[in-house]
Amino acid sequence: MKNKGLKYSSLLLLLLASGTALMAQESAKKISTPDAFDWVFHNIILLVGAAAIFGAVWAVIYLNSKILEIQKIKLLKEHGIEVMEEVKLLDKEPWWKRMYDKSWNLVPLEKEKDILLDHNYDGIQELDNVLPPWWVAMFYGCIIYGFAYLGYYHVWDIGLGSRAEYAVEMEYAEAQVAQFLSRQADQVDESNVEIITDESKLNLAEATYLANCAACHGQKGEGGIGPNMTDKYWINGGNVNDIFKTIKYGVPAKGMIAWKSQLRPSDMQNLASYILNMQGTNPPNGKEPQGELYEAKEEMGMK
Ligand code: HEC
């Protein structure tokens, strides 16, 4: 029974270990550093949680095996078979008590006189106890850790120094900020769309316009199947919100498709700005005005 419990717990340990290793890889990829210390530092709560879960599962398995053992002994006893193990099982101190005693290695009271040193100052005497094993273990552990640390960071240069680590983290944070901002840009809708003046974004919009819109609205916005974009007349409204809305939802009944499934909100914002920039450019072959006159107010500083 005990063996089975052991088998289960080692299986669990293996699973846990491989899971942790996988996650370590994952996060290492993210911050592009193989620094295991770092990983432990960032995931300490996860590790403690995993240890607690493992401990709980182990305790249940252990308890279960003990209960079964007692049942077995009872059963054998009923059939008149005496089991020596019973004594061992019930008399044995719990493992943690044994561990605790071992970790202190104290001399029992009745044997204390054997280690009493023979000096005596005003009745104060001294016992020649050995150093507690837990203390010694920590002492050597620290030395081993020290060497491992030295090797890891300074001899083989596997771990990143503070400066490099800072740089890596800043790079990671910058990437996250950029990701966040790009997601923010895609939060744009017809209620909060703004006119973009950024040259590079307008250039992007020009490419999108020529690829998707020029066929109907003309290379220079002069109009064709679709209306002229360079005059002050608009069928569906001429401020940036209206234009964004027309691009997004289209006017399907009149041949202007909805672009919301093909263009990202930030693209449509750029396009709306690009179109507004065409105002007053007066390209040749301009289509006659359609819709109503829309006078640009101070909200757009357009030409
Ligand atoms: C298949 C032809 C076609 C394509 C391609 C097209 N449009 Fe249109 N567009 C139209 C038509 C037709 C209208 C007029 C709709 C109406 O009468 O309400 C229009 C209207 C518009 C309007 C409103 C004009 C106004 O006077 O209110 C905007 C803005 C616009 N399109 C932008 C775009 C953008 C940006 C693209 C490219 C992403 C695009 N269109 C691609 C045909 C097209």
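Within the structure shown, the criterion is met by six salt bridges. Between lysine 97 and aspartate 101 there is a salt bridge, and its shortest N-O distance comes to 3.2 Å. Of this pair, lysine 97 and aspartate 101 both sit in helix H5 (residues 95-104), separated by four residues, roughly a single helical turn. Using a relative accessible area of 31% as the deciding quantity, one classes lysine 97 as partly exposed. Here aspartate 101 falls in the partly exposed class, since its relative accessible area comes to 34%. The network of salt bridges with common partners includes Asp186, Arg264 and Asp267.

Let's shift gears to the coordination of the iron atom of the ligand. Each pair of donors in an ideal octahedron of six around a metal sits at 90 or 180 degrees, and each pair in an ideal tetrahedron of four sits at 109.5 degrees. Distances from the iron atom of the ligand to its protein donors, His217 (NE2) and Met256 (SD), fall at 2.0 to 2.2 Å. A relative accessible area of 9% means that histidine 217 is categorised as buried. For methionine 256, a relative accessible area of 21% corresponds to the partly exposed category.

This brings us to helix H11 (residues 265-277). Residues three or four positions apart in an α-helix share a direction because the helix packs 3.6 residues into each turn. Between the first and last C-alpha of H11 there are 18 Å, a value that for 13 residues agrees with the 18 Å anticipated at 1.5 Å per step. Here H11 lies mainly inside the structure; 10 of its 13 residues are buried. Residues of H11 that are buried include every one of Ser266, Met268, Gln269, Asn270, Leu271, Ala272, Ser273, Tyr274, Ile275 and Leu276, and no others.

Evaluation of the coordinates by the stated rule reveals nine aromatic pairs. With centroids separated by 6.1 Å and ring planes inclined at 40 degrees, the aromatic side chains of tyrosine 145 and tyrosine 149 adopt a geometry described as tilted. Taken together, the residues span about one helical turn, with tyrosine 145 and tyrosine 149 both in helix H6 (residues 133-155) at a distance of four residues. On the numbers, 5.5 Å between centres and 50 degrees between planes, the contact of tyrosine 209 with tyrosine 274 is tilted. Here the residue tyrosine 209 occupies a position in helix H8 (residues 199-212), and tyrosine 274 occupies one in helix H11, the gap between them amounting to 65 residues. An identical accessibility class is assigned to tyrosine 209 and tyrosine 274; each is buried. In this structure an aromatic cluster arises from ring pairing among Tyr145, Tyr149, Tyr152 and Tyr153.

This brings us to the site of the ligand. With respect to spatial proximity, 22 residues lie near the ligand, and among them Cys213, Cys216, His217, Asn236 and Met256 are the closest. Here an oxygen atom of the ligand and a backbone polar atom of asparagine 236 are 2.8 Å apart. Contributions of two or more residues to the shell around the ligand are made by helix H9 (214-217), helix H10 (240-249) and H11. Per element, the largest residue contribution to the shell around the ligand is three residues, and it comes from H10. Per-class residue counts for the shell around the ligand are 15 nonpolar, six polar and one charged.

Looking at the protein, the pLDDT average stands at 86 and 83% of residues meet or exceed 70. Low pLDDT (under 50) marks residues 26-31, which in the prediction has seven contacts with non-local residues, meaning those over four places away or in another chain.

Once that is clear, we can look at the packing of H10 against H11. Two elements in contact, H10 and H11, have axes separated by 9 Å at closest approach and are oriented at 125 degrees. What the angle tells us is that H10 and H11 run oblique. The interaxial crossing formed by H10 with H11 has right-handed handedness. Judged by residue contacts, Val240, Ile243, Phe244, Ile247 and Lys248 of H10 engage Pro265, Met268, Gln269, Leu271, Ala272, Ile275 and Leu276 from H11. Of the residues assigned to the contact of H10 with H11, the class counts are 10 nonpolar, one polar and one charged.

What follows concerns the nonpolar core. Taken as a class, soluble globular proteins show a tendency for nonpolar side chains to be buried jointly. Counting residues in hydrophobic clusters, the biggest one holds 23 residues, and the most contacted among them are Tyr209, Ile243 and Ile247. Contributing elements (two or more residues each) for this core: H8, H10 and H11. Considering every element that reaches this core, the biggest residue donor is H11, with six residues. Not counting chain neighbours up to four residues away, the residues in contact with tyrosine 209 comprise Ala214, His217, Gly218, Gln219, Gly221, Leu271, Tyr274 and Met278.

What counts as what
Each chain has its residues counted from 1, running along the sequence as written. Totals for whole chains, interfaces and linings use every residue, but because this is a predicted model, local features are given only for residues with pLDDT of at least 70 and side-chain atom pairs only at 80 or more, for both listing and counting. Heavy atoms from the whole structure form the basis of all side-chain values; hydrogens and water molecules are not counted. Between Lys or Arg on one side and Asp or Glu on the other, a salt bridge is scored when a side-chain nitrogen of the former is within 4 Å of a carboxyl oxygen of the latter. Only DSSP runs of H or I with at least four residues qualify as helices, and only runs of E with at least two residues qualify as strands; both kinds are numbered from the N terminus onward. Each residue is placed in one exposure class: buried if its accessible area under a 1.4 Å probe, protein chains only, is under 20% of its type's maximum, exposed if it is over 50%, and partly exposed if it falls in between. The rule for donors is simple: an N, O or S atom within 2.8 Å of the metal counts, and for Na, K and Ca the reach is 3.2 Å. Water is not among the atoms, so a site may look short of donors. Each helix should span, by expectation, one fewer than its residue count multiplied by 1.5 Å. Ring pairs shown here join Phe, Tyr and Trp side chains whose ring centres sit within 6.5 Å, with only the six-membered ring taken for Trp; geometry is labelled stacked below 30 degrees between planes, edge-to-face above 60, and tilted in between. Here, proximity means that at least one heavy atom of the residue falls within 4 Å of the molecule or strand. Residues adjacent in sequence count toward polar contacts only when both atoms are side-chain atoms; beyond that, a polar contact is any pair of N or O atoms within 3.5 Å, and within protein one must be able to donate a hydrogen and the other to accept it. By the convention adopted, Pro, Cys, Tyr, Trp, Phe, Met, Ile, Leu, Val and Ala count as nonpolar, Lys, Arg, Asp and Glu as charged, and the other residues, Gly among them, as polar. Values of pLDDT, the confidence the predictor places in each residue, fall between 0 and 100. Residues count as neighbours in contact if any of their non-hydrogen atoms are within 4.5 Å of one another. Note on definitions: angles span 0 to 180 degrees between N-to-C directions of axes, and those axes are lines fitted to C-alpha atoms, for helices only across the stretch in contact. Here the angle decides the label: under 35 degrees means roughly parallel, over 145 means roughly antiparallel, 65 to 115 means roughly perpendicular, and every other value means oblique. Handedness of a helix crossing follows the sense of rotation of the near helix relative to the far helix, less than a right angle counterclockwise being left-handed and clockwise being right-handed. Side-chain atoms within 4.5 Å are what join buried Ala, Val, Leu, Ile, Met, Phe, Trp, Tyr and Cys residues into a set we call a nonpolar core.

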